[in-house]
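Report on the structure
Single-letter residue listing:
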Amino acid sequence: MKIGIIGNGGVGKALIRLIHEKKETLAKEGLTPVICAHLDSTGGIYDLEGIDLKRLMQHNEKKEPLKDFPKGGSAGLSIDDILEEKSMEVLIELTPTNKKTGEPGIGHITKALENEIHVITANKGPVMIAYHSLKALANRKRRQFWIGCTTGGALPAINGGLIDLAGSEITSITGVLNGTTNYILEEMKTRECTYREALQKAQKDGIAETDPSLDVEGWDTAMKLLILTNVLMNQNKQLSDIKVRGITEIDQAEIGRATGEGGKIKLVGRTRLEKEKILMTVQPETLYPEDFLFQVDGKNKGVHYTTDTLGDIGILGGASGLTAAAASVLRDLINLHRGGCG
């Protein structure tokens, strides 16, 4: 299977390493990935015989741009260049999320599908903004479009909803979808420290970004909730339809009140159908032992679906980090190879 990858950030590098390390596991699936193109903002590598992944890993460890790769590296290499050869079977789109425009991801995915190439993406932007049109294009071209990494990385929230809730109507989605905020709130509870102290520890431990605003202000959760809502409940909502409040104002007094009541504060995303109207919120809530998501601790995530015919379904757990995100992309690649329903 000939594959092109766009994006050489942390997930892209982790994916290259994982494909190399898992080659025997993939072979048991009858899957032999040949990475023939890998692009970043400087250009990229194009080698129809397959890029030497071990050599590429060493190149990445030196933090050198892809254009300088010894075999096949080229400045200014673009998706248009690699599409001209008509040899690529799968595009893996890993460029950074733009929550306002979805670009350049939407353009990359559209071009690939128009050229009858399957697509896997970890990029939330295109899925938030243009999922229905991209999925319709994939269907017209009889190609698969997999998005499993966009709603919680290793947590199979979207795939579980698409595959295992098929035929039911989802009437509510409730999720603890951001491991960083969950970790910070748990640190505040167990160490009885301030929000700022818990955030600094999360940053020191590599859990929170240097700029954690997307996480702590609630927008990462909102983006994931939006994708789940639009994809699984067939909606066309926008981020502006979600009432969003993050965790930055949570103090020890609130933590103490929740603990005294036997509860835990978590950043919760909710979509619910009330009188044929969709209501969406992201905000800190106190959860209690009878709540399914009460047990989502540390960096874990979880989602709870209420359906009309299948009852209540919960998915809990999933590792966090770059390797886990790359593993969810690899999971989609295997499912694509198996002929799944992406």
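Residues numbered from 1 in each chain as written. Predicted model: local features only at pLDDT ≥ 70, side-chain atom pairs only at ≥ 80, totals over all residues. Heavy atoms only, no water.

Describing the packing of helix α7 (residues 157–164) against helix α11 (residues 219–232)
Stated formally: With axes taken as lines fitted to C-alpha atoms, and helix axes fitted only over the stretch in contact, angles between N-to-C directions fall between 0 and 180 degrees. Runs of H or I in DSSP of at least four residues are treated as helices and runs of E of at least two as strands, each being numbered from the N terminus. Relative orientations are named as follows: roughly parallel for angles under 35 degrees, roughly antiparallel for angles over 145 degrees, roughly perpendicular for angles from 65 to 115 degrees, and oblique for any other angle. The crossing is said to be left-handed when, going from far helix to near helix, the turn is anticlockwise and less than a right angle, and right-handed when the turn is clockwise. The contact rule is simple, with two residues in contact once any of their heavy atoms fall within 4.5 Å. Gly is placed with the polar residues, together with every amino acid not listed as nonpolar (Ala, Val, Leu, Ile, Met, Phe, Trp, Tyr, Cys and Pro) or charged (Asp, Glu, Lys and Arg).
Packing of α7 against α11 leaves a shortest axis separation of 10 Å and a crossing angle of 10°. By the angle between their axes, α7 is roughly parallel relative to α11. Crossing angle aside, the handedness with which α7 passes α11 is right-handed. Contact residues: α7 offers Ala157, Ile158, Gly161 and Leu162, while α11 offers Ile227, Leu228, Val231 and Leu232. Broken down by class, the residue content of the contact of α7 with α11 amounts to seven nonpolar, one polar and no charged.

A closer look at the sheet that holds strand β11 (residues 277–287)
Worth spelling out the cut-off: Any two strands with at least two DSSP bridges between them are considered paired.
Pairing is mixed in the open sheet, where six strands are placed in the order β9-β11-β10-β8-β12-β13. The sheet is open, and its two edges are formed by β9 (243–244) and β13 (312–317), each paired on a single side. Examined bridge by bridge, strand β10 (residues 264–274) and β11 share eleven bridges and lie antiparallel to one another. What sits directly across from Arg272, in β11, is Leu279. Seen against the sheet, α11 touches β8 (170–176), β9, β10, β11 and β12 (301–307) and runs at an angle of roughly 140° to β11.

A few points about the environment of Thr171
Condition: Between buried and exposed lies partly exposed: a residue is buried under 20% and exposed over 50% of the maximum accessible area for its type, with that area taken using a 1.4 Å probe on protein chains only.
Relative to the elements of secondary structure, Thr171 occurs in strand β8. Among the residues examined, Thr171 registers a relative accessible area of 24% and is labelled partly exposed. Residues Thr171 and Leu232, spaced 61 residues apart in sequence, show a C-alpha to C-alpha distance of 10.0 Å. Other than its neighbours up to four places away in sequence, Thr171 contacts Met233, Thr271, Arg272, Leu273, Thr306 and Thr307.

Some points on the UniProt feature "domain: Homoserine dehydrogenase catalytic" (unreviewed entry) in the protein
To keep things clear, this is the line we draw: UniProt positions are given in the numbering used here, feature names are shortened, and annotations may be inferred rather than shown by experiment.
Taking the UniProt record as the reference, the feature "domain: Homoserine dehydrogenase catalytic" (unreviewed entry) is found at residues 163–334. Between the C-alpha atoms that bound residues 163–334 there is a distance of 15 Å. The span itself is 38% helix and 26% strand.

Some remarks on the UniProt feature "domain: Aspartate/homoserine dehydrogenase NAD-binding" (unreviewed entry) in the protein
Annotation from UniProt places "domain: Aspartate/homoserine dehydrogenase NAD-binding" (unreviewed entry) at residues 7–144. Across residues 7–144, the secondary structure splits into 43% helix and 16% strand, with the terminal C-alpha atoms separated by 20 Å.

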